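Chain by chain, the residues run as shown.
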Amino acid sequence: GSDDTANSGGGSGDKKIVMGFAQVGAESGWRTANTKSIQESAKEAGITLKFSDAQQKQENQIKAIRSYIQQKVDVIAFSPVVESGWDTVLQEAKAAKIPVVLTDRAVDSKDTSLYRTFLGSDFVEEGKKAGQWLVDQYKDSKDPVNIVQLEGTTGSAPANDRKSGFEQVISADPKFKVIASQSGNFTRAEGKQVMEAFLKSNPKIDVLWAHNDDMGLGAIEAIEGAGKVPGKDIKIITADATHDGMQALADGKINFIVECNPLMGPQLMDLAKKVVAGETVPQRVVTDETTFTQEQAKEVLPSRKY
Ligand code: GYE
């Protein structure tokens, strides 16, 4: 291919690293910011980036990874759309001696030698933070709290883990009841659709926990369409803290956001350089994150980077 010269320079100092990156898709504001961060930081780091968008389909990601193996890239990075089903293709990369860096989402492979490191958030922790806000919010009430949940992509690490972290915290008090829970695939359109169905079949919804801002924003449209006030009639908790999510939080339509930082490009390029150089890297690199109330959103909104 046209990149062969870049990949096989003689002197060790000026050899440009080639990275193949298999992205999930362009399903959310989070993802768009993540893609931009990866593309910009590859350029800054002097790394040649081969980038593919899998449109949220695992089979497309597997194809992309196989093509990166064939092209003999120096390092493969990807954000696995779902957790399972990766062993075969990861074994192929290992056999070809191409190091793999997991970014953002985890795989459930038992053999951790199939990848060099995993850079991303602690999604269980994020779910717990969402649950904890709810527990604090309703600490003085004994009435039942009816919760609906918009789950992320079925089988994805953030959907599995945010759900389980949330449940771990709210299950301590039986007044919290998840009365409906369904995937909205991390998109605004599906978040709206599923929320419309929830509203039709459940006359009393107190709280919505949406696994990302985009689904929450779609749900806000559904709630307003049903003549209810988001943030008041139905309290809303989301994850990500993208610009649009933070705006809705500042406007009072969302009540609480658990941050999930997509700007992992610089750290990814750093790790890529190290694994290509044969240096040891930690098995797990967790990104730093916080949470936002409506007041905090108003304060930080002007300085947000995504
Ligand atoms: O929360 C969501 C995106 O994997 C953390 O994917 C990521 C999630 C993020 O579609 O908005």
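Overview of the structure.

So, how was this worked out
Residues numbered from 1 in each chain as written. Predicted model: local features only at pLDDT ≥ 70, side-chain atom pairs only at ≥ 80, totals over all residues. Heavy atoms only, no water. Helix = DSSP H or I, 4+ residues; strand = E, 2+ residues; numbered from the N terminus. Rg over C-alpha atoms; globule rule 2.2 N^0.38 Å. Buried < 20%, exposed > 50% of the residue type's maximum accessible area, 1.4 Å probe, protein only. Contact = heavy atoms within 4.5 Å. Areas by Shrake-Rupley, 256 points an atom, 1.4 Å probe, with all protein chains shown as cover. Near = heavy atom within 4 Å. Polar contact = N/O pair within 3.5 Å; in protein donor to acceptor, adjacent residues only side chain to side chain. Nonpolar A, V, L, I, M, F, W, Y, C, P; charged D, E, K, R; others polar. Pairing = 2+ DSSP bridges. Phe/Tyr/Trp six-rings, centres within 6.5 Å; stacked < 30°, edge-to-face > 60°. Axes fitted to C-alpha atoms, helices over the stretch in contact; angles between N-to-C directions. Left-handed = near helix turned anticlockwise from the far one by under 90°. Core = buried A, V, L, I, M, F, W, Y, C linked by side-chain atoms within 4.5 Å. Arc of directions from axis to C-beta.

**Here's the deal with the overall build of the protein chain**
The number of helices and strands found in the protein chain is 11 helices and 12 strands. In summary, the protein chain has a C-alpha radius of gyration of 21 Å against a globular reference of 19 Å for 306 residues, a match within 12%. Projected onto its principal axes, the C-alpha positions of the protein chain cover 70 × 40 × 30 Å. Counting every position in the protein chain, which comprises 306 residues, the buried fraction comes to 53%. A separation of at least 24 residues holds for 74% of the contacts in the protein chain among residues at least 6 apart in sequence. Of the accessible surface of the protein chain, which amounts to about 13,500 Å², a share of 49% is contributed by carbon and sulfur atoms.

**Section: the site of the ligand**
Residues in contact with the ligand amount to 13 residues; listed here are only the nearest, Glu 27, Asp 104, Arg 105, Asn 212 and Asp 240. One nitrogen or oxygen atom from the side chain of Asn 212 is found 2.8 Å from an oxygen atom belonging to the ligand. Note that an oxygen atom of the ligand is positioned 2.6 Å from one of the side-chain N or O atoms of Asp 240. When the ligand is considered free in solution it has 300 Å² of accessible area, and contact with the protein chains removes 100% of it. The set of elements that each furnish at least two residues to the shell around the ligand consists of helix H2 (29-45) and helix H6 (157-170). Tallied by class, residues from the shell around the ligand come to five nonpolar, two polar and six charged.

**So, the pairing of strand S10 (residues 256-259)**
Of the two faces of S10, the one lined by Phe 256 and Val 258 and the one lined by Ile 257 and Glu 259 are each fully buried. With four bridges joining them, strand S9 (residues 235-240) and S10 adopt parallel strand pairing. Residue pairing across strands places Thr 238 opposite Ile 257, the latter belonging to S10. Of the pairings in the sheet, the one linking S10 to strand S12 (residues 291-293) comprises three bridges and is antiparallel in character. Its bridge partner being in S12, Val 258 is matched across the sheet by Thr 291.

**A look at the packing of aromatic side chains**
Evaluated as defined, the whole model comprises five aromatic pairs. Arranged with centres 5.3 Å apart and planes meeting at 10°, the rings of Trp 133 and Phe 256 form a pair that is stacked. One end of the pair, Trp 133, is in helix H5 (residues 123-137); the other, Phe 256, is in strand S10, and 123 residues separate them in sequence. Grouping residues by exposure puts Trp 133 and Phe 256 together as buried. Plain terms: the ring middles of Tyr 138 and Phe 176 are 6.4 Å apart, the flat faces sit at 85° to each other, and that makes the pair edge-to-face. Highlighted residues: Tyr 138 in the loop between H5 and strand S6 (145-151) and Phe 176 in strand S7 (residues 176-183), separated in sequence by 38 residues. Classification of Tyr 138 as buried rests on a relative accessible area of 16%.

**Focus on the packing of H5 against H6**
Taken N-terminus to C-terminus, the directions of H5 and H6 make an angle of 35°; their axes are 6 Å apart at the nearest point. In terms of crossing hand, the pair formed by H5 and H6 is right-handed. Contacts between H5 and H6 pair Phe 123, Val 124, Glu 126, Gly 127, Lys 128, Ala 130, Gly 131, Gln 132, Leu 134 and Val 135 from the former with Ala 157, Pro 158, Asp 161, Arg 162, Ser 164, Gly 165, Phe 166, Gln 168, Val 169 and Ile 170 from the latter. Among the residues forming the contact of H5 with H6, the class breakdown is 10 nonpolar, six polar and four charged.

**Considering the nonpolar core**
Counting 47 residues, the largest nonpolar core has Met 19, Ile 65, Ile 76, Phe 78, Trp 86, Val 100 and Leu 268 as the members making the most contacts within it. Counting residues per element, the ones that place at least two in this core are strand S1 (18-23), H2, helix H3 (58-70), strand S3 (75-78), helix H4 (87-95), strand S4 (100-103), strand S5 (117-120) and helix H10 (265-276). Leave out the neighbours within four places in its chain, and Val 100 touches Ile 76, Phe 78, Leu 90, Ala 93, Leu 114, Tyr 115, Arg 116 and Thr 117. Among the nonpolar cores identified, the runner-up in size contains 31 residues, and Leu 199, Ile 220, Met 246 and Ile 254 belong to it.

**A short note on H4**
Three or more residues of H4 are buried, namely Val 89, Leu 90 and Ala 93. One side of H4 carries all its buried residues, which in axial view fall inside an arc of 100°. Residues of H4 that are buried make contact with H3, S3 and S4.

**Observations concerning the sheet that holds S3**
If you trace the six strands from one edge of the open sheet to the other, you get S2-S1-S3-S4-S5-S11, paired in parallel fashion. Here the strands that pair on one side only, and so sit at the sheet edges, are strand S2 (48-53) and strand S11 (284-286). Pairs of neighbouring strands in the sheet enclose a mean axial angle of 15°, with direction left out of account.

Read these as geometric descriptors, not functional statements.
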